[in-house]
Amino acid sequence: DLLGSILGDNAGGIGDLIASASGISKQSGTSLLGMLAPIVMGFLGKTLKTQGGLNAASLTNLLASQKDFVKAALPAGAANLLGVSDLGDLGQQAMQGAAAAGAGMKMWQWIAAIVIAILVILLLWRSCGKQVPVQETLQDTSKSVQEAVQDTTQRVEEQVGGAMAALGKFFTKKLPSGVALNIPEFGVENKLIAFIEDANAPVDEKTWFTFDRLTFETGKATLKPESQEQLKNIAEIMKAYPKVSIKLGGYTDNVGDPQANLQLSKARAEAVMADLVTLGIDAKRLQAEGYGQEHPVADNSTEEGRAKNRRIDLRVTAK
């Protein structure tokens, strides 16, 4: 949520840039960027604490002093995503933003975006094995941030790798329609096909299957591009079994306003339904409902549990 408030719709693009520049997956790049947002706030907090007289203008000056190495090392396309037309004017635009916004949120969002850019450089530093020049005033903080980035990168890669490993090996599954799908052994597609083909498996209101490769923009009902593979697979399964109808259920964790969570879960379920219709599935065969933070499948007191609760499930209503 913090990352979304800083970068808005550009967060995913920045995550992709991190991935392409450092050789990790797009999902890892986006996850890493999300984990870096608290580090950004920690950086600002430490700077304010250690330099008691620091105000908005002097903090902006401090960050703007790094514009040369930011300009030299940021991946192509980062300037536009950060809302900066020319990185050469980085410091000037920061000061204009500070003057216009005073101590308001707009200026602080701009500063935080600069710090995220610095953290991107630190990630590139790690991947390329090259040191970028950082002013002496930032050396200690940069070192601690770099170490945090290294630890976080490893943790993200382990989590993503573990999640993919849990899905099992990918194999080719041929449908009655003749279409061959490349799906994981324990993925939702294989489970759904097995349920449909099992004449003894009853259609009821208790049997749900969880999508395992759908991702949304933070706090939004916008599906990320990497979700399309699984959506296309589900569409092909429904085409191969024309008697099958399904219901989609959207769920969130328990963070935030329950009513807002309910609306978000409904919007996300409807977004999945709309994509399936676009892929050629008759809307009459689909239903969508949001349940908000109801029916959690994991402990909301941990980040891992909350991540599992933010999900889209499907239930077969006819086969």
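This text follows the structure it describes.
Here the structure is a predicted model, which means the values were calculated and not measured.

Engineer: Which residues make up the overall build of the protein, and what values do they have?
Structural biologist: Broken down by element type, the protein carries 13 helices and six strands. In the protein, which comprises 319 residues, the share counted as buried stands at 45%. Put simply, of all contacts in the protein between residues at least 6 apart along the chain, 66% involve residues at least 24 apart.

Engineer: I'd love a proper account of helix α12 (residues 258–278), names of residues and values included.
Structural biologist: Think of an α-helix as 3.6 residues a turn; residues three or four steps apart then line up on the same face. Compared with the 30 Å implied by 1.5 Å per residue over 21 residues, the 30 Å span of α12 between its first and last C-alpha is a close match. Buried within α12 we find Asn 261, Leu 264, Ser 265, Arg 268, Ala 269, Ala 271, Val 272, Met 273 and Leu 276. Contacts made by the buried residues of α12 are with α11 (228–240), β4 (245–251), β5 (286–290) and β6 (311–318).

Engineer: Explain unusual backbone geometry to me, and be specific about the residues and the numbers.
Structural biologist: Of note in this structure, His 295 is not a glycine but carries a positive phi near 55°. Mapped onto the fold, His 295 is located in the loop between β5 and α13 (303–309). We classify His 295 as partly exposed; its relative accessible area is 46%.

Engineer: I'd like a description of the sheet that holds strand β3 (residues 209–210), backed by residues and values.
Structural biologist: Spatially, the four strands line up as an open sheet ordered β3-β6-β4-β5, and their pairing is mixed. Two strands bound the open sheet, and with one partner strand each, they are β3 and β5. Pairing of β3 with β6 involves two bridges; the strand directions are antiparallel. The residue of β6 that forms the bridge with Phe 209 is Leu 314.

Engineer: Quick one: what's the story with the packing of helix α10 (residues 188–197) against α11, residue by residue and with numbers?
Structural biologist: Here α10 crosses α11 at 15°, and the two axes come no closer than 10 Å. Judged by the inter-axis angle, α10 sits roughly parallel to α11. Read as a crossing pair, α10 and α11 show a hand that is right-handed. For the pair α10 and α11, contact is made by Val 188, Glu 189, Leu 192, Ile 193 and Ile 196 and by Gln 230, Asn 233, Ile 234 and Ile 237, respectively. Grouping the constituent residues of the contact of α10 with α11 by class yields six nonpolar, two polar and one charged.

Engineer: Just give me the short version of the packing of α11 against α12, but keep the residues and values in it.
Structural biologist: Viewed as axis vectors pointing N to C, α11 and α12 meet at an angle of 60°, and their least axial separation amounts to 10 Å. Classified by the angle between their axes, α11 and α12 sit oblique to one another. Between α11 and α12 the crossing geometry is right-handed. Every residue of α12 that contacts α11 at Gln 228, Leu 231, Ile 234 and Ala 235 is listed here: Val 272, Asp 275 and Leu 276. In the contact of α11 with α12, the residues fall into five nonpolar, one polar and one charged.

Engineer: How would you explain the environment of Glu 303 if you had to name every residue and give the values?
Structural biologist: Mapped onto the secondary structure, Glu 303 falls in helix α13. With 50 residues separating them along the chain, Glu 303 and Asp 253 place their C-alpha atoms 9.7 Å apart.

Criteria and thresholds
- Residues numbered from 1 in each chain as written.
- Predicted model: local features only at pLDDT ≥ 70, side-chain atom pairs only at ≥ 80, totals over all residues.
- Heavy atoms only, no water.
- Helix = DSSP H or I, 4+ residues; strand = E, 2+ residues; numbered from the N terminus.
- Buried < 20%, exposed > 50% of the residue type's maximum accessible area, 1.4 Å probe, protein only.
- Contact = heavy atoms within 4.5 Å.
- Expected span 1.5 Å × (residues − 1).
- Pairing = 2+ DSSP bridges.
- Axes fitted to C-alpha atoms, helices over the stretch in contact; angles between N-to-C directions.
- Parallel < 35°, antiparallel > 145°, perpendicular 65-115°, else oblique.
- Left-handed = near helix turned anticlockwise from the far one by under 90°.
- Nonpolar A, V, L, I, M, F, W, Y, C, P; charged D, E, K, R; others polar.

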